[in-house]
Amino acid sequence: MTYTLTTPLYYVNDKPHLGSAYTTLACDALARFQRLMGQQVLFITGCDEHGLKIQRTAEAAGLTPQAHCDQVSDQYRALWQRWQISNDRFIRTTDPRHHLLVEQFYRRVEAAGDVVEGRQRGWYCVACEEFKDDPPEARTPQCSTHQRPLEWRDELNLFFRLSRYQQAIEELIQRPGFIAPASRRREVENFVAQGLRDFSISRLDLPWGIPVPGHQGHTFYVWFDALLGYLTALLEPGDPPDLDLLSQRGWPASIHVIGKDILRFHAVYWPAMLLSAGLELPGRVFGHGFLTREGQKMGKSLGNVLDPGELLERCGPDAVRWYLLRDIPFGDDGDVQQQRFSDLVNNDLANTIGNLLNRTSSMARRWFEQAVPAPSEAVGSSHPLAQASQLAREQVIEGMERLDFRQAAVAALQLAVSANGFLNDQAPWSRMKQEGQRQQVADDLYAVLEAARQVALLLAPILPDLSARMLLQLNQPLASSGVVAGGQSGSDGEQLPWQQRLTWGSLAAGTPLPEPEPVMARQDLDGPL
RNA sequence: GGCUCGGUAGCUCAGCUGGUUAGAGCGUGGGAUUCAUAACCCCAAGGUCGGGAGUUCAAGUCUCCCCCGAGCCA
């Protein structure tokens, strides 16, 4: 069974922001983890490119909508490449095959009797692409999220009969684990409990959209079209746009990872649409939290937006991934603080993990012919570091499965902390000055090197680059979780599976150790981010 | 206005079905050490657990009210 996971398809209204990068990074870690666990993975991301807002943005920039979309979606694509995101697909909703698939999907929904005509009157927010519930007599209605004036609409639209799916959706959202984190389920329950209303799936006189077959002048509502992008993305290059093919191409998705703001679309509207079209439902919808910066919302008006590209440039992928995934509970809102960022990166990655490898490798080289020392029988599975490794491994796996990146990261870090403590207790540098302690030192250094190897492997999903540098330092093959630095795919053929490599004691005695170099530089940021 | 989540050391947070002196990491102060990226290791200070009332032999942990913050629906 393919493990299919998706980021949202990002709206190309503006250049990528940190929030999109956050979601995508998290998905990347998850995708890498699943690959390491031996799953066949289909990691989907892409762009949502239709709608009035985009049409207007393009006009304002003096571009055709298509040219605008090309430009922005290229920025996304380039950014993900620079971040070494291991996505398998990058779907654009302007893809010609997508049009055909949407038409096909619509015909199924129509055939199921789920499309009706209806009059839509009310205040509309172009930024949300949504009708609001403000009373018709309101004078200067404003969108509460966008602080922008609403526009009056009165049009005949096509509606999807969501109301028919009341019971099915109620049952679905009760399914344990369908909505994650669980804390967000209540929100959706409340919404559904109020009674589901049909929602419009078409717009009139909106040229920048996919035309509704058989309904002159109607184009599909962006959300209807965008969600279907997840399906189109599954198609392989030569495939015809055929819904019947999808079950062989990785549908249903195992998980949709999204921001908490679009939970409703994914947990309510989307499943109903799928049911209507006779397709299977995704396994899980995970709505993560939002990032603030130094306690404040990020926004253009405040001028405190962190540009993901710039962040990457200045700090590197390991630092940013570590900070976001290790410090901020995925699912909750989190505050990005520069001081904490550099504190954590320096302490955890440079001092604890990087230095551990550096000091150990240096000792092994000095006293054991520049190679991994040969351990005695004493370094077996009952060795304290073997036990610590075992625990770390369990917690990393459990954490990653629950998208608790923090637990996974801290568990790997904890192993390095244990190894540092062990080293200080054993003090091999003192023992080397005593007679008859050579084997003990060999054992101790072996155990710590082996623990460092475990740390490197355990870090692979979250920090593929650092993991690679550590494994290189230990003269080990890389963990093949997807693309790594340099662009080559990390899979080098005959390698053992990740879990097997995590068996304690797999580090071969006598493996030559290269001259150590710091695997992680300390952050020394001059000036604010 | 209704509902949902939070409010625990300077900061970020753990504290399950109520039970010995409330924990961790970072930051701060001190000590030890030299293998190492001024790194590692050890120790310490620091909290009337948002406020108030109640239930109980016992409440951060349950109940009620209030205050503050975030969010969902109106």
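Residues numbered from 1 in each chain as written. Chains lettered and ligands numbered in written order. Predicted model: local features only at pLDDT ≥ 70, side-chain atom pairs only at ≥ 80, totals over all residues. Heavy atoms only, no water.

Asks: Run through the pattern of salt bridges, naming residues and quoting values.
Replies: By the definition in use, this model includes 25 salt bridges. Between R185 and E189 there is a salt bridge, with the nearest N and O atoms lying 3.2 Å from each other. Linking R185 with E189, this pair stays in helix α6 (residues 185-193), spanning four residues, or about one helical turn. A relative accessible area of 23% places R185 in the partly exposed class. For R340, the salt bridge is made with D327, and the minimal N-O distance between the two is 2.6 Å. With R340 in helix α12 (residues 338-367) and D327 in helix α11 (residues 317-327), this residue pair connects regions lying 13 residues apart in the sequence. Through salt bridges with shared partners, a single ionic network connects D28, R32 and R321. (Salt bridge = Lys/Arg side-chain N within 4 Å of Asp/Glu carboxyl O. Helix = DSSP H or I, 4+ residues; strand = E, 2+ residues; numbered from the N terminus. Buried < 20%, exposed > 50% of the residue type's maximum accessible area, 1.4 Å probe, protein only.)

Asks: Could you give me a rundown of the packing of aromatic side chains, with the residues and numbers involved?
Replies: The geometry of two aromatic rings is summed up by the distance between their centres and the angle between their planes. Counted by the stated rule, this structure contains 18 aromatic pairs. Note on F330 and F405: the rings are 5.1 Å apart at their centroids and 75 degrees apart in plane angle, and the pair reads as edge-to-face. Separated by 75 residues along the polypeptide, F330 in the loop between α11 and β17 (334-336) and F405 in helix α14 (residues 405-426) bring together distant segments of the chain. Each member of the pair, F330 as well as F405, is classed as buried. Three or more aromatic residues joined by ring pairs form one cluster here, namely F160, Y165, F199, W223, F265 and Y269. In this structure, R264 is placed above the aromatic ring of F191, and the distance from its NZ or CZ to the ring centre is 4.2 Å. (Phe/Tyr/Trp six-rings, centres within 6.5 Å; stacked < 30°, edge-to-face > 60°. Lys NZ or Arg CZ within 6 Å of the ring centre and 35° of its normal.)

Asks: Any chance you could break down the nonpolar core for me, citing the residues and the numbers?
Replies: Counting 174 residues, the largest nonpolar core has F105, L231, W251 and W498 as its most contacted members. In terms of residue count, helix α16 (residues 438-459) provides more of this core than any other element does, 14 residues in total. Dropping the residues within four chain positions of it, L231 is found in contact with L101, F105, L243, L246, W251, W270, L274 and L279. (Core = buried A, V, L, I, M, F, W, Y, C linked by side-chain atoms within 4.5 Å. Contact = heavy atoms within 4.5 Å.)

Asks: Give me the lowdown on the sheet that holds strand β16 (residues 296-297), citing residues and values where you can.
Replies: Note on sheets: strands pair through backbone hydrogen bonds, and any given pair is parallel or antiparallel. Strand order in the open sheet made by the three strands is β16-β15-β17, with mixed pairing throughout. The sheet terminates laterally at β16 and β17, the two strands that pair on one side only. Across two bridges, strand β15 (residues 291-293) lies against β16 in antiparallel orientation. Bridge pairing in β16 places R293 opposite Q296. (Pairing = 2+ DSSP bridges.)

Asks: Go over the protein's contact with RNA strand B with me, naming the residues and quoting the values.
Replies: As a matter of local geometry, RNA strand B sits amid 32 residues, with Q194, R264, N355, R359 and M520 nearest to it. The sugar and phosphate moieties of RNA strand B supply 78% of its atoms located within 4 Å of the protein. R197 has a polar side-chain atom sitting 3.2 Å from a phosphate oxygen of RNA strand B. In the environment of RNA strand B, a base oxygen lies 3.3 Å from a nitrogen or oxygen atom belonging to the backbone of V519. When residues of the surface near RNA strand B are traced back to their parent elements, those giving at least two are α6, α12 and α14. No other element matches α12, which puts twelve residues into the surface near RNA strand B. (Near = heavy atom within 4 Å. Polar contact = N/O pair within 3.5 Å; in protein donor to acceptor, adjacent residues only side chain to side chain.)

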